[in-house]
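Close look at the chain arrangement
Listed here are the chains, written in short residue letters.
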Amino acid sequence: MATMTKKQKVINALKTGKGLTAKQASSRFGVGNLRATMSSIKTEMEKYGNWEVVTEQTRNGLTRYSMNDTHPGTRMYGFDKFGNRYAL
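A few points on the structure. (Residues numbered from 1 in each chain as written. Predicted model: local features only at pLDDT ≥ 70, side-chain atom pairs only at ≥ 80, totals over all residues. Heavy atoms only, no water.)

**Description of the packing of helix α1 (residues 6–15) against helix α3 (residues 34–45)**
The geometry of α1 relative to α3 is characterised by a closest axis approach of 11 Å and an angle of 70° between their N-to-C directions. Compared by their axis directions, α1 and α3 come out roughly perpendicular. As α1 runs across α3, the sense of the crossing is right-handed. Contacts from Lys7, Val10, Ile11, Leu14 and Lys15 in α1 reach Leu34, Thr37, Met38, Ser40, Ile41, Glu44 and Met45 in α3. Across the contact of α1 with α3, the residue classes break down as seven nonpolar, two polar and three charged. (Axes fitted to C-alpha atoms, helices over the stretch in contact; angles between N-to-C directions. Helix = DSSP H or I, 4+ residues; strand = E, 2+ residues; numbered from the N terminus. Parallel < 35°, antiparallel > 145°, perpendicular 65-115°, else oblique. Left-handed = near helix turned anticlockwise from the far one by under 90°. Contact = heavy atoms within 4.5 Å. Nonpolar A, V, L, I, M, F, W, Y, C, P; charged D, E, K, R; others polar.)

Structure, rendered in C-alpha cells:
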C-alpha cells in the first residue's frame, strides 16, 4: 500500500472545500513551508482549469488557502484517500 505525501494530504484536505492555514497544515500534516507547497499545488491544480487556488486573510492576519472547483456538478470520477482517481 502506497503512503500519501504531505502534498497529497493537503490537496485532499483542500478538495473538501475547507481552507488551511500554515499552522493547521503543520499540525495536521507536518508541512513545514505551506507557501512553497501551495505554489507547487497551484501550478498542478490550475493547469487544466478545473480547480482554482484561493488565498484569503483571516481576522488574525494569517493566510488561509483553499481550492474552488471551477466546474461544479456531477463528476464521472472520484479520488480515493491516496489521491488516485477512479471511475464512479
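Read on, since the account is not over.
**A look at the pairing of strand β2 (residues 51–57)**
Two faces belong to every sheet, and in a regular strand the side chains alternate between them. With seven bridges connecting them, β2 and strand β3 (residues 63–69) associate as antiparallel partners. Following the sheet pairing, Trp51 is matched in β3 by Asp69. The hairpin turn running from β2 into β3, its antiparallel successor, is five residues long, and Gly61 in that turn takes a positive phi close to 90°. (Pairing = 2+ DSSP bridges.)

**So, the pattern of salt bridges**
By the definition in use, this model includes two salt bridges. Between Lys7 and Glu44 there is a salt bridge whose closest N-O contact spans 2.9 Å. With Lys7 in helix α1 and Glu44 in helix α3, the pair connects residues that are 37 residues apart, well separated along the chain. For Lys7, a relative accessible area of 26% gives the class partly exposed. Overall, Glu44 belongs to the partly exposed group, its relative accessible area being 40%. (Salt bridge = Lys/Arg side-chain N within 4 Å of Asp/Glu carboxyl O. Buried < 20%, exposed > 50% of the residue type's maximum accessible area, 1.4 Å probe, protein only.)

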